[in-house]
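Here is what each chain is made of, one letter per residue.
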Amino acid sequence: LGLLLCLPICSRAQEQQQKQLLIVLVHGMGDTCCNPLSLGKIESLLAEEEDTEETNTNKKVISIKFGRNSMSDFISGFIGDAFSLVKDFGCAQLRKAKEEMMMNHDDTIENDDKVETILLGFSQGGVFARAMVETCEDEVNALITFGAPHSGVWKFPGCDKTANALSRKWCEYSRKVASKAAYSEMLKSKSVQASYFRDVSDAKRFEQYVRSGSLLSVINGEEEDGSDDEDDARGEERKMKTGQRRREKMCNLDVFAMFSFEKDEVVVPRDSAVFSDAPSVPFEYTEEKSSELLNVRETKFYLNEEDGLCLRELDEKNRMKIDVVPDAHHMQFSLEWFTENVIDKYIVAAPEKREEEVKEEEEEDKKEGVIHSINRFSK
């Protein structure tokens, strides 16, 4: 009788313990949410990945569409207001997906923190994904980026020679627009690439960047008020509170994993993908000077007293992971590599397990004399 009475109760308890996992993909320039030859393959792989009985996971995989259809999604990778794209499409679709997951499980929206959310940002989409972490109302548990220009592009992005003719044509067009939009108040909100262009080669142009209010300058905490009104104390206070909220959102991450591509020629410099930075401004970057770049732990993003991006705290808690896709050009990796290095390490494993694995791996590397430096693969 006791066993019979337990059956419905235990069944409900097990159902309540079921893990709710939302995986969100954010595509980059020249791609679309559901391209079967690129992001669509990854979406299918993640959706088909089987869960063991031990994980007891209800999983939902979505890919952000920046527009009403595939064509507008594609064009939005080049032309549009980056802030609006993040808010109106990224954050909105994240919120909708969480609501659907909770409604399908007879739960309330107030309990949507039960949904573990993992964001995967590819190339330009990595900047958008981090902006979503910092600015969306919904909490994110893990952020994984691939070839994302976190410290900006210092020369306008190269165009992938392996891309199709339409993508290459739009890429070349966007480079011309971005080169003008980066310093134009009227045009900067129209060029997506201008939203993360960060010219460190000239002090005056760098000053224009920090005063531009571009997406990257904001999420990197570098923006300065372009106004000369010294009495705008309320604006400064508002900016400080906003920065604190962004920091809190980053600090809530269980994992922040960044992958660069060893032979990347699209993102300049390629180690921007793992938050490297120039040793000073002005700094004229060339491939031969790549060894002079500061690794993330030497940059102002990491060392500033406020730790505004929470990189130092995440690193101290073994939640920041830096890695490289070896012998690979921009966004070139196999599904086998992705399964082994991303799915198995960061998606299948629980947050606490991910943290343990990262720590154990770094301890093993230290024993073997491996230095965790973002420049270790640079010339």
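As a reminder, the structure under discussion sits directly above these lines.
Residues numbered from 1 in each chain as written. Predicted model: local features only at pLDDT ≥ 70, side-chain atom pairs only at ≥ 80, totals over all residues. Heavy atoms only, no water.

A.B. asks: Please explain helix 7 (residues 203–210) as it appears in this structure.
C.D. replies: Within helix 7 the residues assigned to the buried category are F206, Y209 and V210. Taken down its axis, helix 7 places every buried residue within 90 degrees of arc, on the same side. Buried residues along helix 7 sit in contact with helix 8 (215–219) and helix 10 (300–303). The N-cap residue of helix 7 is D202: its side-chain oxygen and the backbone nitrogen of K204 are 3.0 Å apart. (Buried < 20%, exposed > 50% of the residue type's maximum accessible area, 1.4 Å probe, protein only. Helix = DSSP H or I, 4+ residues; strand = E, 2+ residues; numbered from the N terminus. Arc of directions from axis to C-beta. Contact = heavy atoms within 4.5 Å. Polar contact = N/O pair within 3.5 Å; in protein donor to acceptor, adjacent residues only side chain to side chain.)

A.B. asks: Hey, could you run me through the state of the cysteines in this one?
C.D. replies: The full count for this structure, using the stated rule, is 3 disulfides. For C33, the disulfide goes to C34, at an S-S distance of 2.4 Å. Classification of the bridge connecting C33 and C34 rests on its S-S torsion, roughly -90 degrees, and on that basis the disulfide is left-handed. Of the residues examined, C33 reaches a relative accessible area of 2% and is grouped as buried. Paired by a disulfide, C91 and C136 hold their sulfur atoms 1.9 Å apart. In this structure, the disulfide formed by C91 and C136 twists by about -85 degrees around the S-S bond and is classed as left-handed. Remark: C136 occurs in the loop between helix 5 (124–135) and strand 4 (142–146) and C91 occurs in helix 4 (residues 82–103); sequence separation between them is 45 residues. (Disulfide = S-S within 2.5 Å.)

A.B. asks: Would you mind showing me how to read the packing of aromatic side chains here?
C.D. replies: Two measures describe an aromatic ring pair: the distance that separates the ring centres and the angle between the ring planes. All told, the structure shown has 14 aromatic pairs when counted by the stated rule. The interplanar angle of 20 degrees and the centroid separation of 6.4 Å between the aromatic rings of F261 and F333 together place this pair among those described as stacked. In this pair, F261 is assigned in strand 5 (residues 255–261) and F333 in the loop between strand 6 (320–325) and helix 12 (335–347), connecting sequence segments 72 residues apart. Of the two residues, F261 and F333, neither departs from the other in class, the shared state being buried. One aromatic cluster is present, built from ring pairs that chain together F122, F146, F259, F261, F333, W337 and F338. (Phe/Tyr/Trp six-rings, centres within 6.5 Å; stacked < 30°, edge-to-face > 60°.)

A.B. asks: Whenever I open this one, the sheet that holds strand 6 confuses me. Can you help?
C.D. replies: Backbone-to-backbone hydrogen bonds pair the strands of a sheet. The strands run either parallel or antiparallel. Pairing is parallel in the open sheet, where 6 strands are placed in the order 2-1-3-4-5-6. Lying at the two open borders of the sheet, with one neighbouring strand each, are strand 2 (57–63) and strand 6. Neighbour-to-neighbour, the strand axes of the sheet open up by a mean angle of 15 degrees, direction not taken into account. Across 6 bridges, the pairing between strand 5 and strand 6 is parallel. Across the sheet, residue F256 finds its bridge partner in strand 6, namely M320. Contacts between helix 2 (residues 39–48) and the sheet are confined to strand 1 (19–26), strand 2 and strand 3 (115–122), with strand 2 contributing the most and set at about 175 degrees to the helix. (Pairing = 2+ DSSP bridges. Axes fitted to C-alpha atoms, helices over the stretch in contact; angles between N-to-C directions.)

A.B. asks: Please explain the pairing of strand 5 as it appears in this structure.
C.D. replies: Every regular strand shows the same layout, with side chains that alternate between the two sheet faces. Judged by how many residues are buried, strand 5 sits mostly within the fold: 7 of 7 residues are covered. On strand 5, burial covers both faces: V255, A257, F259 and F261 on one face and F256, M258 and S260 on the other are all buried.

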